[in-house]
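# Structural features, examined
Listed here are the chains, written in short residue letters.
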Amino acid sequence: MVVAKSFFKEMAIRKRIASIFNKGEEEEVEDMTFNLIEGIDVPAIEGKIAQYHKENAQKPARLKNMLQLKPQAKDTLIVIRHKIFDLRSHFNWI
């Protein structure tokens, strides 16, 4: 039962940290994750997480806006492909 409890604690911490930090900072993130799991220097790490989260709070909003543009880009690409096909048909390009 203790193993299961520590496993779920570790998974919860890893999920929380992964949702905040970028993939490029893996070594630092792993160190912070390990220290949180083991209860080492928790206040300092929580402060670092809060600071990072505050500085990077706008990134998800920008990504969301980019994802909203994708359907429009897809429609534009379809129109361009149709025009290219029409031109190829007109000039007998293969």
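Summarised in this report is the structure supplied together with it. Since this is a predicted model, take the numbers as computed values, not measurements.

## Considerations on the nonpolar core
Within the largest apolar cluster, 11 residues are counted, these being I13, I17, I20, F21, V29, M32, L36, I37, I45, I49 and Y52. Counting residues per element, the ones that place at least two in this core are α1 (2-20), α2 (26-38) and α3 (42-55). Take this core: its biggest share by element is four residues, from α2. With near-sequence residues (within four places) excluded, I13 lies in contact with T33, L36 and I37.

## Quick word on the side chain of T33
Among the structural elements, T33 can be located in helix α2. Given a relative accessible area of 2%, T33 falls into the buried group. When residues no more than four places from it in sequence are discounted, the contact partners of T33 are I13, R14 and I17.

## Considerations on unusual backbone geometry
A positive phi angle, near 50 degrees, is found at D41, a position not held by glycine. By the element assignment, D41 lies in the loop between α2 and α3.

Each value, and the rule that gives it
Residues numbered from 1 in each chain as written. Predicted model: local features only at pLDDT ≥ 70, side-chain atom pairs only at ≥ 80, totals over all residues. Heavy atoms only, no water. Core = buried A, V, L, I, M, F, W, Y, C linked by side-chain atoms within 4.5 Å. Buried < 20%, exposed > 50% of the residue type's maximum accessible area, 1.4 Å probe, protein only. Helix = DSSP H or I, 4+ residues; strand = E, 2+ residues; numbered from the N terminus. Contact = heavy atoms within 4.5 Å.

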